[in-house]
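# Structural overview
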Amino acid sequence: MKPPPFAYHAPTDLDEAVGLLAEAGEQGKILAGGQSLIPLLNMRLASPRVVVDINGVAGLDGIGTDSGGVRVGALVRHSQLEADTAAAEAVPLLRQGLRLVAHPVIRNRGTTVGSIAHADPAGEMPAVLALLDGAVEVRGPSGSRTVPAAAFTTGPMETALAPGEIAVAARFPQPAPGTGTAFVEIARRHGDYALCGAAAALTLDADGRVTAARCCLISAAPVPLVVDLTPDLSGTRALPGELDEAAAAAAERTDPEDDIHASAGYRRHLARVLTGRALARAAAASPAATA
Ligand code: FAD
């Protein structure tokens, strides 16, 4: 199908982009990688009157890594971030999650920040941001602000972005020392959105005991579902039975939907199994476990 008609702008400057978007208000949409927006336009599931293509805007394509974590600009492609060794060393969950996003051709064009702004409940990168307690840097007509991940995704395909605002970067904090991370999921076909998925971060002390544990489930609730499992696992040695119990507690918090791909009950079952696997892999990946 063909998209509905719209006015197309290709600004080269961030302020110009913000101005065009602000002028369009509710009728404006940003075009980044286009891997979600273009299909939505072609299927006529979105019909913005104005499309602001940010691909020519200078200064949005950088990856910055320091002791605080990784800052990803709005035009960084999934594949660019996946290939970035410094980012993967600082925040291993980035590469672990990115490998599960769609197919390489889609990752070559799709942006990580676009994925976060798109806010699909099955998306991996909103979950990575939420699990790590990251943040989104936003620029709008009234200036800049930073929105914590927990407040950024407000519903399925809904975010805290106001009309006229652009997500200019996402910040992924470096996990605490002793933390291992993992991301596992089940999809009907390789590259499809996951029927369910679980990311986990688990911190062990030098003695091999858990000091912190969190998971984030996708396709299990309207937004990425972060569950703090520290009260369940603190002081344990992350043994299989302990992890299974914690995974069951996390699955009880899910609110999955029935759809043509899977029933809610099956998704809840997957949530339990996948959380258990993600926690076990995260524990094994902890520097304290491998020391
Ligand atoms: P676009 O398509 O350009 O935009 C998407 C939405 O976000 C639009 O509403 C746009 O206005 C808004 N937006 C984009 N950038 C910004 C910004 N900087 N500030 C404010 N709003 C912005 N994704 C997954 O996570 N997991 C998958 O398994 C997966 N599988 C896929 C399979 C297929 C076949 C396809 C076509 C896509 C799949 N995707 C998947 C989506 C892919 O990851 C997209 O790249 C991503 O969702 C959107 O990024 P984009 O840069 O392409 O954004």
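Along each chain, residue indices are assigned from 1 in the same order as the chain's sequence is written. It should be noted that, the model being predicted, local features are given only for residues of pLDDT at least 70 and side-chain atom pairs only at 80 or more, the latter also being counted only at that level, while totals for whole chains, interfaces and linings use all residues. Based on all heavy atoms of the structure, the side-chain values leave hydrogens and waters out of the count.

## Some thoughts on the overall build of the protein
The secondary structure listing takes helices from DSSP runs of H or I that are at least 4 residues long and strands from runs of E that are at least 2 residues long, numbered from the N terminus. When helices and strands are tallied, the protein shows 13 helices and 14 strands. Over its C-alpha atoms the protein spans a radius of gyration of 19 Å, differing by no more than 12% from the 19 Å that the globule rule assigns to 291 residues. In terms of overall dimensions, the protein has C-alpha extents of about 60 × 45 × 30 Å along its principal axes. The 291 residues of the protein split such that 51% are buried. The contact rule is simple, with two residues in contact once any of their heavy atoms fall within 4.5 Å. Nonlocal contacts in the protein, meaning residues at least 24 apart in sequence, comprise 62% of its contacts between residues at least 6 apart. Accessible surface, the protein: about 13100 Å² in total, of which carbon and sulfur atoms supply 52%. The charged-residue count follows a simple rule in which Lys and Arg add positive charge and Asp and Glu add negative charge, with His and chain termini not counted at all. We put the charge of a Lys on NZ, of an Arg on CZ, of an Asp on CG and of a Glu on CD. Counting 24 positive and 31 negative side-chain charges, the protein places the centres of these two groups 5 Å from one another. It is over C-alpha atoms that the radius of gyration is taken, and the globule rule equals 2.2 Å times the number of residues to the power 0.38. Between buried and exposed lies partly exposed: a residue is buried under 20% and exposed over 50% of the maximum accessible area for its type, with that area taken using a 1.4 Å probe on protein chains only. Residue burial considers only the protein chains on display, and all accessible areas are found by Shrake-Rupley using a 1.4 Å probe.

## Focus: the domain arrangement of the protein
By convention here, the domain bounds are inherited from an automatic or database domain assignment. One can read the domain layout of the protein as domain 1 (7-53), domain 2 (63-173) and domain 3 (179-290). A straight line from the C-alpha centre of domain 1 to that of domain 3 covers 36 Å.

## Focus: the site of the ligand
Near, as used in this document, describes a residue that has one of its heavy atoms within 4 Å of the molecule or strand being considered. Taken together, 31 residues sit near the ligand, with I30, G34, L37, T111 and E124 positioned nearest. Counting of polar contacts relies on pairs of N or O atoms within 3.5 Å, with two restrictions inside protein: one atom must be capable of donating a hydrogen and the other of accepting it, and residues adjacent in sequence are counted only when both atoms are side-chain atoms. Here a nitrogen atom of the ligand sits 3.1 Å away from a polar atom, N or O, in the side chain of Y193. Protein chains bury 89% of the 960 Å² of accessible surface belonging to the ligand in isolation. Those elements giving two or more residues to the shell around the ligand turn out to be strand 2 (28-31), helix 7 (112-118) and strand 10 (166-173). Class assignment of the residues belonging to the shell around the ligand gives a composition of 16 nonpolar, twelve polar and three charged. By the convention adopted, Pro, Cys, Tyr, Trp, Phe, Met, Ile, Leu, Val and Ala count as nonpolar, Lys, Arg, Asp and Glu as charged, and the other residues, Gly among them, as polar.

## Things to note about the sheet that holds strand 3 (residues 50-53)
Across a sheet, paired strands are connected by hydrogen bonds in the backbone, their directions being either parallel or antiparallel. Here, a strand pair is defined by DSSP locating no fewer than two bridges between the strands. One open sheet accounts for three strands, arranged 1-3-2; its pairing is parallel. The sheet terminates laterally at strand 1 (7-9) and strand 2, the two strands that pair on one side only. This sheet shows a mean twist of 25° between the axes of neighbouring strands, independent of strand direction. Bridging between strand 2 and strand 3 involves four bridges; their strand directions are parallel. When the sheet's bridge partners are listed, I30 is paired in strand 3 with V52. Inter-axis angles, ranging from 0 to 180 degrees, are taken between N-to-C directions of lines fitted to C-alpha atoms, where helices are fitted over the stretch in contact.

## Focus: the pairing of strand 10
Counting buried positions over the eight residues of strand 10 gives six, a clear majority of the element. Two elements, strand 5 (residues 69-73) and strand 10, share five bridges in a ladder whose sense is antiparallel. Each residue of the ladder has a partner; that of G73, found in strand 10, is A169. Where strand 6 (residues 135-140) meets strand 10, five bridges bridge the pair, whose relative direction is antiparallel. Residue pairing for strand 10: A135 is matched across the bridge by R171.

## Notes on the nonpolar core
In plain words, nonpolar cores are sets of buried Ala, Val, Leu, Ile, Met, Phe, Trp, Tyr and Cys residues tied together by side-chain atoms within 4.5 Å. Counting residues in each nonpolar core, the largest one holds 51 residues, and the members touching the most others are L94 and F172. With residues near it in sequence (within four places) discarded, F172 still touches G68, G69, V70, V72, V91, L94, T112, I116, M125, V128, L129 and L132. In this structure, C196, C215, A246 and A271 belong to the second largest nonpolar core, which totals 31 residues.

## A few points about unusual backbone geometry
For R44, which is not glycine, the phi dihedral falls at a positive 60°. Along the polypeptide, R44 turns up in the loop between helix 2 (37-42) and strand 3. On the basis of relative accessible area, R44 is assigned to the partly exposed category, the value being 45%. Residues other than glycine seldom take positive phi values, yet A102 does so here, at roughly 50°. For A102, the location among the structural elements is in the loop between helix 5 (92-98) and helix 6 (104-109). Classification of A102 as buried rests on a relative accessible area of 17%.

## Quick word on the pairing of strand 5
Of all five residues in strand 5, four are buried; the element is thus mostly enclosed. Direction of pairing for strand 4 (residues 63-66) relative to strand 5: antiparallel, over a ladder of four bridges. Counted as the bridge partner of G64 is R71 from strand 5. In this antiparallel pair of consecutive strands, strand 4 and strand 5, the connection spans two residues.

## Quick word on the environment of A212
Relative to the helices and strands, A212 resides in strand 13 (residues 210-218). Remark: the alpha-carbon pair of A212 and A176, spanning 36 residues in sequence, is separated by 9.5 Å. Filtering out sequence-adjacent residues up to four positions away, A212 remains in contact with A201, L202, T203 and T230.

## Structural notes on the packing of helix 11 (residues 240-252) against helix 12 (residues 264-285)
Packing of helix 11 against helix 12 brings their axes to within 8 Å, and their N-to-C directions diverge by 140°. In terms of orientation, helix 11 and helix 12 fall into the oblique class. Once helix 11 is placed against helix 12, the crossing between them reads as right-handed. Across the interface between the two elements, L243, D244, A246, A247, A248, A250 and A251 from helix 11 touch R268, A271, R272, T275, G276, L279 and A280 from helix 12. Class assignment of the residues belonging to the contact of helix 11 with helix 12 gives a composition of nine nonpolar, two polar and three charged. Working definition: roughly parallel below 35 degrees, roughly antiparallel above 145 degrees, roughly perpendicular at 65 to 115 degrees, and oblique for all remaining angles. Rotating anticlockwise by less than a right angle from the far helix to the near helix defines a left-handed crossing, while the corresponding clockwise rotation defines a right-handed one.

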